[in-house]
Amino acid sequence: MAEDLALEARNRAGNYFREGYNCAESIFLTFREVVVPEVERDLVRLATGFGGGLGHAGCLCGALTASTMVLGLLCGRTDHRQDRHRAYELARNFHDRFEEKFGATCCRSLNPHPFDTPEHLRHCLKITGNTARLLMEYLQEKNLI
């Protein structure tokens, strides 16, 4: 069951990416559907600017950034007096797991091809799908779903 859910997340994120959504939007849409369907779909716009490592700046990978958004949806706070340390710990640990799997967290390091070329898009498709799988496994491991 756990493996099935991880594969489903990978496939959904890959399908969204193939449709034309960027990496961050693909992660957000996948986990909104599977994990937090009560979140409005239109909030995908929050993820748009994260694509290409923050608007093609090549910085932090959009798939990783959107994964942190998903963790925030599940464990973030809604009041400044609430504890933020659990969310910080989960985000940091996922960051480290992502870096261990892919060897970097920076978009330009993860994908050396020029933005929006066929080679770049193929590579991002793999990163996006595998990030979705990694995040689903992480959520299950941490008993967040």
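Residues numbered from 1 in each chain as written. Predicted model: local features only at pLDDT ≥ 70, side-chain atom pairs only at ≥ 80, totals over all residues. Heavy atoms only, no water.

A. Summary view of the UniProt feature "transmembrane region" (unreviewed entry) in the protein. Taking the numbering used here, the UniProt-annotated feature "transmembrane region" (unreviewed entry) corresponds to residues 54-76. Secondary structure across residues 54-76 comprises 65% helix and 0% strand; the distance between its end C-alpha atoms is 22 Å. (UniProt positions renumbered as here; feature names shortened; annotations may be inferred. Helix = DSSP H or I, 4+ residues; strand = E, 2+ residues; numbered from the N terminus.)

B. Region of interest: the packing of aromatic side chains. In this structure the tally under the stated criterion is three aromatic pairs. Measuring from centroid to centroid gives 5.6 Å for tyrosine 16 and tyrosine 21, while their planes differ by 85 degrees, and the two rings are edge-to-face. According to the relative accessible area criterion, tyrosine 16 is buried, its value standing at 9%. Classification of tyrosine 21 by relative accessible area gives partly exposed; the value is 24%. Ring centres of phenylalanine 94 and tyrosine 138 lie 5.3 Å apart, and the angle between their planes is 55 degrees; on these two criteria the pair is classed as tilted. Separated by 44 residues along the polypeptide, phenylalanine 94 in helix α5 (residues 85-102) and tyrosine 138 in helix α7 (residues 118-141) bring together distant segments of the chain. Accessibility classification places phenylalanine 94 together with tyrosine 138 in one group, the buried group. We note lysine 101 situated over the ring of phenylalanine 102; from NZ or CZ to the ring centre the distance is 5.8 Å. (Phe/Tyr/Trp six-rings, centres within 6.5 Å; stacked < 30°, edge-to-face > 60°. Buried < 20%, exposed > 50% of the residue type's maximum accessible area, 1.4 Å probe, protein only. Lys NZ or Arg CZ within 6 Å of the ring centre and 35° of its normal.)

C. Quick look at unusual backbone geometry. Located in the positive-phi region is histidine 56, a residue other than glycine, with phi close to 70 degrees. At asparagine 143, a position not held by glycine, the phi torsion is positive, near 55 degrees. In this fold, asparagine 143 is placed in the segment after α7.

D. View of the environment of leucine 7. Locating leucine 7 in the fold gives a position in helix α1 (residues 2-19). The class of leucine 7 is partly exposed, set by a relative accessible area of 27%. Considering only alpha carbons, one finds leucine 7 and aspartate 83, 76 residues apart in sequence, at a separation of 33 Å.

E. Quick look at the layout of surface pockets. Of the pockets and cavities examined, the largest pocket occupies roughly 180 Å³. Along the walls of the largest pocket sit 15 residues, with Phe17, Asn22, Gly52, His56 and Asp116 positioned nearest its centre. Elements supplying a minimum of two residues to the lining of the largest pocket: α3 (51-54) and α7. Class assignment of the residues belonging to the lining of the largest pocket gives a composition of seven nonpolar, seven polar and one charged. (1 Å grid on protein atoms, 1.4 Å probe; cavity = no way out; pocket = protein on both sides within 12 Å on 5 of 7 lines; lining within 4 Å. Points joined across faces, edges and corners; volume = space filled by probe spheres on them. Nonpolar A, V, L, I, M, F, W, Y, C, P; charged D, E, K, R; others polar.)

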